[in-house]
Amino acid sequence: MVKKIALEEHFLCPGFEGYWQPTVGDVDPAIYNQVVARLSDFGELRLAAMDRAGIARSVLSLAGPGVQAERDSKTACRNARAANDVLAREIAKRPDRYSGFAHLPMQDAIAAADELERCLEELKFSGAMINGHTNGQYLDDPALHPFWERAQALDAAIYLHPTDPVVPSRALDGHTGLRRATWEWGFETGSHALRLVFGGHFDRFPRSKLILGHLGETLPYLLWRFDSRAQLYGVKLAKPPSQYIKENIVVTNSGMCSAEPLTCAMSALGHDHVMFAADYPFEQAEEAAHFIDNVALDERVRNDICFNTATRLLKLPT
């Protein structure tokens, strides 16, 4: 069993159930209650699952969308700070096992930048997780440039996590099984990342670091086509789109326990741009660990994916 750092590991704190519950409204109540119990636990349940999976450290993040669903900016700012303070107190109890991603009020670019800086400098968090769009505003919006300027100056990695689309796709009407985690979230999140790439974000902020889960939300599979169509449609960028994806984006294998997409991501991006995640408690940490422990990999590559790259990127203790 290889020592691991897990990067898409969720928690829930009191008062935030109302933000999260709409994303799981169609889940069986018994399963819902089990998930809430695991999300709310920072002790025996979570640590035992980590131990069984060989996870030495979990980087915890609030289950989305959190305050990004809030319509009132002041409330969003107040609640984001409260959530980060709760997480900081839990990390302080087990600093050997837990680190954190900041939760940010993206309704206000300056407030989000200030909270990111507070979380990194004062609370010693390892970056931030942003749960997709914020009431329809995507991260390429020029109004958010002040946030990105600060994130780049802080050398902060930003994990872009799925959320529901602004308008559900009619192509999925009548097929509930394709909604959310099956297909809808991957398309939404991959498209969000591509807005940053094709919109020139990485020309404006060349040291931005973006993390995508699910082995890159299908982006590694389509690099040639992105370059080809960008040229056809006259997209004006300093580099081909694939180059930004290779240089500025790293991915985790959250929710992806299959050799074929892992091989594709490593081949497209380099194994040093692939990291481990369990997506606890929405996926089984033991299943994710068993996969990465046993998939055919050079042991140096396995150790980089499971531990070394995250340590370097997020400046985590070794």
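Given the structure is predicted, the values throughout are model-derived calculations rather than measurements.

About the cut-offs
Residues numbered from 1 in each chain as written. Predicted model: local features only at pLDDT ≥ 70, side-chain atom pairs only at ≥ 80, totals over all residues. Heavy atoms only, no water. Pairing = 2+ DSSP bridges. Helix = DSSP H or I, 4+ residues; strand = E, 2+ residues; numbered from the N terminus. Salt bridge = Lys/Arg side-chain N within 4 Å of Asp/Glu carboxyl O. Buried < 20%, exposed > 50% of the residue type's maximum accessible area, 1.4 Å probe, protein only.

Engineer: A description of the sheet that holds strand β8 (residues 274-275) should follow, citing residues and the corresponding values.
Structural biologist: Spatial strand order, β4-β5-β6-β7-β8: 5 strands in an open sheet with parallel pairing. The sheet is open, and its two borders are formed by β4 (128-130) and β8, each paired with just one other strand. Bridge analysis of strand β6 (residues 209-212) against strand β7 (residues 249-252) gives 3 bridges, and the strand direction is parallel. Across the sheet, the residue bridging to leucine 212 is valine 251, located in β7.

Engineer: If you had to explain unusual backbone geometry to someone new, which residues and values would you point to?
Structural biologist: Residues glycine 64 and proline 65 are joined by a peptide bond in cis, for which omega reads 5°. Along the chain, the position of proline 65 falls in the loop between β2 (55-62) and α4 (73-93). Here the residue pair tyrosine 280 and proline 281 is connected by a cis peptide bond, since its omega of 0° sits within 30 degrees of zero. Along the polypeptide, proline 281 turns up in the loop between β8 and α12 (285-294). Phi at arginine 180 is positive, roughly 50°, even though this residue is not glycine. Relative to the helices and strands, arginine 180 is located in the loop between β5 (157-160) and α7 (184-198).

Engineer: How would you sum up the pattern of salt bridges? Please name residues and give values.
Structural biologist: For the coordinates displayed, the defined rule picks out 19 salt bridges. A salt bridge links arginine 81 to glutamate 115; its shortest N-O distance comes to 4.0 Å. Here arginine 81, found in helix α4, pairs with glutamate 115, found in helix α5 (residues 109-121); they are 34 residues apart in sequence, far enough to count as distant. Residue glutamate 115 is classed as buried on the basis of its relative accessible area, which comes to 7%. One salt bridge connects arginine 150 with glutamate 117, and the closest N-O pair in it is separated by 2.8 Å. Here arginine 150, found in helix α6 (residues 145-153), pairs with glutamate 117, found in helix α5; they are 33 residues apart in sequence, far enough to count as distant. Among the residues examined, arginine 150 registers a relative accessible area of 22% and is labelled partly exposed. What makes glutamate 117 partly exposed here is its relative accessible area of 31%. Salt bridges linked by common partners bring Arg81, Asp85, Glu115 and Arg118 together as one network.

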